[in-house]
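Coordinates in review
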Amino acid sequence: MNAAAPEPDLPGAIPAPQLTLRAVVLGIALAVLMGAANTYLGLFAGMTVASAIPSAVVSMAVLKVLGGGGILENNIVQTGGSAGSSVASGVIFTTPALVMLGAWHDYRYGWVFGFAALGGVLGVLFSVPLRRALIIEQKLAFPEGTAAAEVLRAGADPKHGAKLLSLAAAAGALVKLTAANGLRLIPDSATVATYVGRGIAYLSTNVSPALLGVGYICGANVGIVMLAGGVISWNIAIPLYASYFLADNPALAAKVAGLSAADAAGTLWSLQVRFIGVGGMLIGGIWTLIALRGSLLAGVRAGFAATRAARGAFGSAIPDTERDIPMRYAILGVVAVSLPLMLMYDSVVGSLLISIPMTFAMIALAFLFCSVSGYMAGLVGSSNDPVSGMIIATILAASGMLLVLTHGDARVGPVAAVMIGAAVCCALSIAGDNVQDLKCGQLIGATPWRQQLMLCIGAVTCATVLAPVLNLLAHAYGIGVPDAAHPHPLLAPQATMMAAVSRGLFGGSLPWGMISIGVALGVLVIILDQWLRVQGSAFRTPVLAVAVGIYLPIDISVPIFVGGLLAHFAARVRGGGTESLAGRGMLFAAGMIAGESLTGVILAIPIVASGHADVLALPASLQLGGLSGNLVGLALLSALAVLLYRVAISGRSEA
């Protein structure tokens, strides 16, 4: 396979095979797998990662077994796989809020499929005019698309990269199997907590390989600020609240009375302190729009300019490497997917006078944020795209409109606002992924419309399995809200916040004092970040990362922090800067994420089928609890950290 990019096809030339049957089938399979993995990861950690690189490596390995595939065929496969993980992100950040608001009792198949498939296709269509503006004219970097092209070009022998992914996935799966949702040999977290006077001292770390991998991919800066948020929440706010403010809340004091230090800290965090993070995310979402106003306007202008300049994609004067889905088809497609969404909205609000403005607002917000998402993906990559900030802004805008249209109806308004957010989130999530994949295609000589079609196929295919996966995870582990059956659910932080904010704006009860503290703290973090920017510092304090750290249990942030440190020190040993997304460390980290996340989904099957959370558990005599369990869990995590570090400093992946 030639390491150089193919020459652009001449008009009328027959391109190399791309959208073949086997490429489509393999792309669909990867879309489902990556979508399921990102569903678990996003609900668990509040973060998702792009899957283009792992998809590319798997594609090359599988097609090699099937007789070999060209670089363009492999590109189609990774395009489909990455689409699945993107549309899953859009769903999990929003639809669990509808269950928390009481609109659904479970994840209704038709609704979840509708938001995921229609929103995903809408994102692909809105990003069609952005390709030329952002990739060709503005020549943005698109780091993940460039890295995927690098992997594909170097893919003559993908066995080493595939072996690395497989080894890491097996390690992640093994640790997940031994933990509390599997064999229960070790607990999920190693925790130490004790009362200090009326305060609580608390230290905890999850033993998750996936979180270690997330930290490695996101880097030391994100890891440090997330841990700082966790320290603010668990080591400052909780002790202060327990010492000086708990007595002023008799109902909460009664709940905490008699609990262990660890359980008391968890209760205070769940009912009060985590809302500091909600306030931080609110101000962070607003600040994101203010800070990105130039990028936002540039992205929107680029979208309109490209639309005006668009010519028919199949015209005889256009090379194959420049053929997008024709704009007339894209516009018709936007209309076609918007009509079913309008009917879905109407079935909830029961009035065309409300559902029609909802639909137009959804279209306008989706186009706006698809442009921003594509632009930001070009600058910092899809994994660092500020999706949370844009969705918060969507919920606030939609709630403001619906407060007027529904006359403040607290039953319908919050649900309708989240439903607008669900479609917008799916659209903007896949839009950033779309232009990232199109950058990869541009570098290797692919046909844009074929990739855009594969993105639609990947989004729709992944949409078919998201509701069953969500229901499976909800029944096995719980999502968002603790209850008697699931005292430690998957947290779904973004969706929990969407539910709380939309309910609060329509007159619901929220701890506004804590939210106000979070807003004030967020302002201070923004001021610090801007000062660091002016000083030219490479270290920054992104407010959304700090706020998410406050909102999550600190045991989530600790392994992310450790993974970020590993990336930093590995880079210093190699003598280079940030590791390429195609590097060995990145592949190993991605493998750990995929292995643990998919195992979490698979383990849910016997749990739900049997109705017992401990169906796979070892006999109690073999389970390691207390200090011994904590030490073994820490030893396993430490061993994986050492292995990841050694892999990372050993050089670049040969795949």
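All values reported here derive from a predicted model rather than from experimental measurement.

Let's shift gears to the overall build of the chain. Along its length, the chain carries 24 helices and two strands. Counting over 655 residues, the chain shows a buried share of 59%. On the chain, roughly 24100 Å² of surface is accessible, and the fraction owed to carbon and sulfur atoms is 68%.

A few words now on the pattern of salt bridges. Under the defined criterion, the tally for this structure stands at three salt bridges. Linking Arg 22 and Glu 73 is a salt bridge whose minimum nitrogen-to-oxygen distance equals 2.7 Å. Remark: Glu 73 occurs in helix 3 (residues 71–92) and Arg 22 occurs in helix 1 (residues 21–45); sequence separation between them is 51 residues. On the accessibility criterion, Glu 73 (4% relative accessible area) is buried. The salt bridge partner of Asp 324 is Arg 131, with a shortest N-O separation of 2.7 Å. Here Asp 324 is found in the loop between helix 13 (293–309) and helix 14 (327–349), whereas its partner Arg 131 is found in helix 6 (residues 130–137), with 193 residues between them in sequence. Of the two residues examined, Asp 324 and Arg 131, each falls in the buried class.

Next up on the list: empty space enclosed by the protein. In this structure the tally under the stated criterion is four cavities of 30 Å³ or more. Put simply, the parts of the chain that give the lining of the second largest cavity at least two residues each are helix 1 and helix 23 (584–610). Residues that form the lining of the second largest cavity fall into these classes: nine nonpolar, four polar and no charged.

With that out of the way, let us pick up the environment of Val 562. Within the secondary structure, Val 562 is located in helix 22 (residues 554–574). The exposure class assigned to Val 562 is partly exposed, which follows from its relative accessible area of 31%.

Over its 19 residues, helix 5 (residues 109–127) extends 27 Å from the first C-alpha to the last, a length consistent with the 27 Å expected when each residue adds 1.5 Å. Burial runs high along helix 5: 16 of the 19 residues are buried.

Between helix 8 (residues 159–178) and helix 23, whose axes approach to 6 Å, the crossing angle comes to 40°. With respect to helix 23, the axis of helix 8 lies oblique. As helix 8 packs across helix 23, the resulting crossing turns out to be right-handed. Contacts from Gly 161, Leu 164, Leu 165, Leu 167, Ala 168, Ala 169, Gly 172, Ala 173, Lys 176 and Leu 177 in helix 8 reach Arg 584, Leu 587, Phe 588, Ala 590, Gly 591, Met 592, Gly 595, Glu 596, Thr 599, Gly 600 and Leu 603 in helix 23.

With that settled, the discussion passes to the layout of surface pockets. Considered as a void within the structure, the second largest pocket measures approximately 1400 Å³ in volume. Around the second largest pocket sit 47 residues that line it, and Asp 188, Ser 189, Pro 487, His 488 and Pro 489 are the ones nearest its centre. Elements supplying a minimum of two residues to the lining of the second largest pocket: helix 1, helix 8, strand 1 (189–196), strand 2 (199–206), helix 12 (261–291), helix 18 (448–477), helix 22 and helix 23. With eight residues, helix 12 is the single largest residue contributor to the lining of the second largest pocket. Split by residue class, the lining of the second largest pocket holds 26 nonpolar, twelve polar and nine charged.

If you trace the backbone, Ile 71 turns up in helix 3. In the structure, Ile 71 is positioned 15 residues away from Ala 56 in sequence and 9.8 Å away in space, judged by C-alpha atoms.

Before going further, it helps to examine helix 2 (residues 52–65). Given a rise of 1.5 Å per residue, 14 residues ought to cover 20 Å, and the 20 Å separating the end C-alpha atoms of helix 2 matches this to within 8%. As for helix 2, its buried residues are in contact with helix 1, helix 3, helix 7 (143–153), helix 8, helix 17 (413–444) and helix 23. Note on helix 2: the residue one or two positions beyond its end, Gly 67, has a positive phi of about 115°.

This part is about the packing of aromatic side chains. Applying the stated criterion to the full structure yields nine aromatic pairs. Consider the rings of Tyr 40 and Phe 44, whose centres lie 5.8 Å apart with planes at 40°: the pair is tilted. A residue pair is termed a helical-turn pair when its members lie 3 or 4 positions apart in one helix, as Tyr 40 and Phe 44 do in helix 1 at four residues. Assigned by exposure class, Tyr 40 and Phe 44 land together as buried. Their ring planes at 5° and their centres at 6.3 Å tell us that Tyr 109 and Phe 113 sit as a pair that is stacked. Highlighted residues: Tyr 109 and Phe 113, both in helix 5, separated by four residues, approximately one helical turn. In this structure Phe 113 comes out as partly exposed when scored by relative accessible area, which is 27%.

Criteria and thresholds
Residues numbered from 1 in each chain as written. Predicted model: local features only at pLDDT ≥ 70, side-chain atom pairs only at ≥ 80, totals over all residues. Heavy atoms only, no water. Helix = DSSP H or I, 4+ residues; strand = E, 2+ residues; numbered from the N terminus. Buried < 20%, exposed > 50% of the residue type's maximum accessible area, 1.4 Å probe, protein only. Areas by Shrake-Rupley, 256 points an atom, 1.4 Å probe, with all protein chains shown as cover. Salt bridge = Lys/Arg side-chain N within 4 Å of Asp/Glu carboxyl O. 1 Å grid on protein atoms, 1.4 Å probe; cavity = no way out; pocket = protein on both sides within 12 Å on 5 of 7 lines; lining within 4 Å. Points joined across faces, edges and corners; volume = space filled by probe spheres on them. Nonpolar A, V, L, I, M, F, W, Y, C, P; charged D, E, K, R; others polar. Expected span 1.5 Å × (residues − 1). Axes fitted to C-alpha atoms, helices over the stretch in contact; angles between N-to-C directions. Parallel < 35°, antiparallel > 145°, perpendicular 65-115°, else oblique. Left-handed = near helix turned anticlockwise from the far one by under 90°. Contact = heavy atoms within 4.5 Å. Phe/Tyr/Trp six-rings, centres within 6.5 Å; stacked < 30°, edge-to-face > 60°.

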